[in-house]
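Descriptive analysis of the structure
Letter by letter, the chains look like this.
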Amino acid sequence: MSERPDDIFTEPKEDPNTLARLGPFAPMAGSWRGEDGVDVKPKAGGPRTQIYLEALELVPIDAQTNGPQLLYGLRYHARMVKPGRKNTYHDQVGYWLWEPAVGRLYHTLTIPRGQAALAGGHAKPDDRQFTLRASRGDTAFGIVSNPFLERSFRTDSFEITVTITDDDHWSYDETTVLQITGQDEPFLHTDRNNLVRVGPPKLNPAIA
């Protein structure tokens, strides 16, 4: 499909089996746990490193269309905690979406601190490593923040690289570039974790 089709209304035929159409995201479907999380975050006294545990669920959804654009994807929920603690350290929801016609990747993320982003990238269906990026001010792959964050901890860019080792292991490495009030240089806020499968993928509603 052309990225600028003449017909922007006609919808293509969908495959009801999302698991068969997820491209590079296919190995990520299922339930996961990570015990190697490392978060380097900004504090008044300088960078602080925090270890975290992660529970992550990625559930196939039915195919989605925007006229001729056809997307297959996973809905996800990630919850992180500090070792030995019960309260949530970080919570995040969104989608991983694959557009097979043009080999494009989409990663949406929303956190309950008043921030959302849409990151994009490209890959081949059998790629096992890929990177997605978003930038503040980009009207396609951008970042929006609540007024306090925009003023005090402005996010200028976000990048995530996923590496799939095998069907039961994958990892991510993220860098969020922040401009913090009172600091001349940008701060590189990084997160990474190794994930191990703890549950099989589910079927999407159309075939469940």
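Everything that follows concerns the structure shown earlier in this document.
Structure report, in brief.

This next bit is on the nonpolar core. Grouped together as the largest cluster of nonpolar side chains are 33 residues, with contacts concentrated most on Phe25, Met28, Leu58, Trp96, Phe130 and Trp170. For this core, the leading source of residues is strand 3 (residues 69–81), giving six residues. If we skip the residues at most four places from it in the chain, Trp170 touches Met28, Trp32, Leu56, Leu58, Val162, Thr163, Ile164, Thr165, Asn193, Asn194 and Leu195. If you look at the next biggest cluster of nonpolar residues, it comprises five residues, including Ile61, Leu71, Leu97 and Tyr106.

Residue placement: Lys41 occurs in strand 1 (residues 30–41). It turns out Lys41 is buried and unbridged, and the closest side chain with the opposite charge, Asp39, is 4.9 Å from it. For Lys41, the contacting residues outside a window of four places in its chain are Gly46, Pro47, Arg48, Gln50, Tyr89, Phe187 and His189.

In this section: the side chain of Ser152. Here Ser152 lies in helix 1 (residues 147–152). For Ser152, a relative accessible area of 13% puts it in the buried group. Contact partners of Ser152, with chain neighbours within four places excluded, come to Gln179, Ile180 and Thr181.

All right, on to the environment of Arg136 then. Here Arg136 shows up in the loop between strand 7 (129–135) and strand 8 (143–145). Assessed through its relative accessible area of 39%, Arg136 is described here as partly exposed. Separated by 14 residues in sequence, Arg136 and Glu150 have C-alpha atoms that sit 10 Å apart. Leaving out residues up to four positions away in the same chain, Arg136 has contacts with Ile143, Glu150, Arg154, Thr155 and Asp156.

A few words now on the pattern of salt bridges. The tally for this structure, following the rule as stated, stands at eight salt bridges. With its nearest N and O atoms 2.5 Å apart, the salt bridge here joins Glu150 to Arg136. Residue Glu150 is found in helix 1, and its partner Arg136 is found in the loop between strand 7 and strand 8; the two are separated by 14 residues along the sequence. Of the residues examined, Glu150 reaches a relative accessible area of 28% and is grouped as partly exposed.

Parameters at a glance
All chains use their own residue numbering, which begins from 1 and follows the written sequence. Only residues with pLDDT of at least 70 get local features here, since the model is predicted, and only at 80 or more are side-chain atom pairs given and counted; chain-wide, interface and lining totals rely on the full set of residues. For the side-chain quantities, the full set of heavy atoms in the structure was used; hydrogens and water were omitted. Only buried Ala, Val, Leu, Ile, Met, Phe, Trp, Tyr and Cys residues count toward a nonpolar core, and they belong to the same one when joined by side-chain atoms within 4.5 Å. The cut-offs for exposure are 20% and 50% of the maximum accessible area for each residue type, with area from a 1.4 Å probe on protein chains only; residues under the lower value are buried, those over the upper are exposed, and the others partly exposed. In DSSP terms, a helix is any run of H or I states spanning at least four residues, a strand is any run of E spanning at least two, and both are numbered starting from the N terminus. Whether two residues are in contact is decided by their heavy atoms: any pair within 4.5 Å suffices. Asp and Glu are treated as the negative residues and Lys and Arg as the positive ones, with His and the ends of the chain left uncounted. We count a salt bridge whenever a side-chain nitrogen from Lys or Arg sits within 4 Å of a carboxyl oxygen from Asp or Glu.

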